[in-house]
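Breakdown of the fold
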Amino acid sequence: MSAMTSAAATTARQRPWELAARCGYAVSGVLHVLIGIIAVQVALGGGGESADQSGALRQIAETPFGGIALWVGAIALLALAAWQAAEALRGRGEAADRAKAAGKAVVYLALAVSAAAFAMGSGSSSEGQTEDATAGLMQAPGGRALVVAVGLGVLAVAGYHVIKGIRQKFLEDLRGVPGGQAGNAVKKAGMLGYVAKGVALALIGFAFVVAGITSDPAQAQGLDGALHDLRDQPAGVAALIAVGIGLACYGAYSFVRSRYARM
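The present account deals with the structure reproduced in this document. (Residues numbered from 1 in each chain as written. Predicted model: local features only at pLDDT ≥ 70, side-chain atom pairs only at ≥ 80, totals over all residues. Heavy atoms only, no water.)

It is worth spelling out the packing of helix α2 (residues 53–61) against helix α4 (residues 95–119) at this point. Two elements in contact, α2 and α4, have axes separated by 10 Å at closest approach and are oriented at 40 degrees. Relative to α4, α2 is oriented oblique. For the pair α2 and α4, the sense of crossing is right-handed. In this structure, α2 uses Gln53, Ser54, Leu57, Arg58 and Ala61 to contact α4, whose residues at the interface are Leu111, Ser114, Ala115 and Phe118. For the contact of α2 with α4, a count of residues per class yields 5 nonpolar, 3 polar and 1 charged. (Axes fitted to C-alpha atoms, helices over the stretch in contact; angles between N-to-C directions. Helix = DSSP H or I, 4+ residues; strand = E, 2+ residues; numbered from the N terminus. Parallel < 35°, antiparallel > 145°, perpendicular 65-115°, else oblique. Left-handed = near helix turned anticlockwise from the far one by under 90°. Contact = heavy atoms within 4.5 Å. Nonpolar A, V, L, I, M, F, W, Y, C, P; charged D, E, K, R; others polar.)

The following block contains the structure:
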């Protein structure tokens, strides 16, 4: 009886944390939808914001009560980062699963910090940060090789996202999906979303590889620069619109994940 009581108490303590972490998925969904919209605007020759997380956060900051919304989002993302970190440290599951959880913890923590920075009015462009970080990395011993290695790592993550989307492996992250047309919509959104995110990451990874090979930190672009470069390629406008729609679909899937994610 005492063991059952202890387990129930632990669950009760974790419940608010879990709810906050689920809200983190919803915040991620909002950001991806905004990035997708900005990307489509860029493809059509409009849009004054960066097609990345900094552009999305700036749009939120400029809305009424944007500062409050950003603080709420930062807290939710921090809770999700802490949840992923706990999953990595618990030692349950395969080593690869723990490594993915640790990587996600870093990503969500970075998003939380960015959201808090924009809430305080001190947010900055992701593009400049990427170039500065790359230039600093190149100053280290074997810096060019390290930059290439980063690019190859991002390309590997990109491939993982594409495969996860095509094979619908993202459904394993959910404890169930709605039936009927709603369920089909979730599957389509997840497929398009993961493939589009994989394509976007591949563009970033390729840029890092080029930066390392040419020893030019300016080549290492974040998402905004990569999407602008995509637009300038043959059939780039159509490709960028497709990626933008796909990123918005990833955002829609993230809303579903906030409700049905395995936690």
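Read on, since the account is not over.
Turning to the pattern of salt bridges, a few remarks are in order. Summed over the entire model, instances satisfying the criterion amount to 8 salt bridges. Linking Lys100 and Asp97 is a salt bridge whose minimum nitrogen-to-oxygen distance equals 3.6 Å. Of the two residues, Lys100 and Asp97 are both situated in helix α4; the distance of 3 residues between them amounts to about one turn of the helix. A salt bridge links Lys164 to Asp173, with the shortest nitrogen-to-oxygen separation between them at 2.7 Å. Take Lys164 and Asp173: they sit in the same class, and that class is buried. One salt-bridge network, held together by shared partners, links Arg15, Glu18 and Arg22. (Salt bridge = Lys/Arg side-chain N within 4 Å of Asp/Glu carboxyl O. Buried < 20%, exposed > 50% of the residue type's maximum accessible area, 1.4 Å probe, protein only.)

This part takes up the environment of His161. Among the secondary structure elements, His161 is positioned in helix α6 (residues 143–166). By relative accessible area, His161 is classed as buried at 11%. With 14 residues separating them in the primary sequence, His161 and Arg175 have C-alpha atoms 20 Å apart. Other than its neighbours up to four places away in sequence, His161 contacts Tyr194, Val195, Lys197, Gly198 and Leu201.

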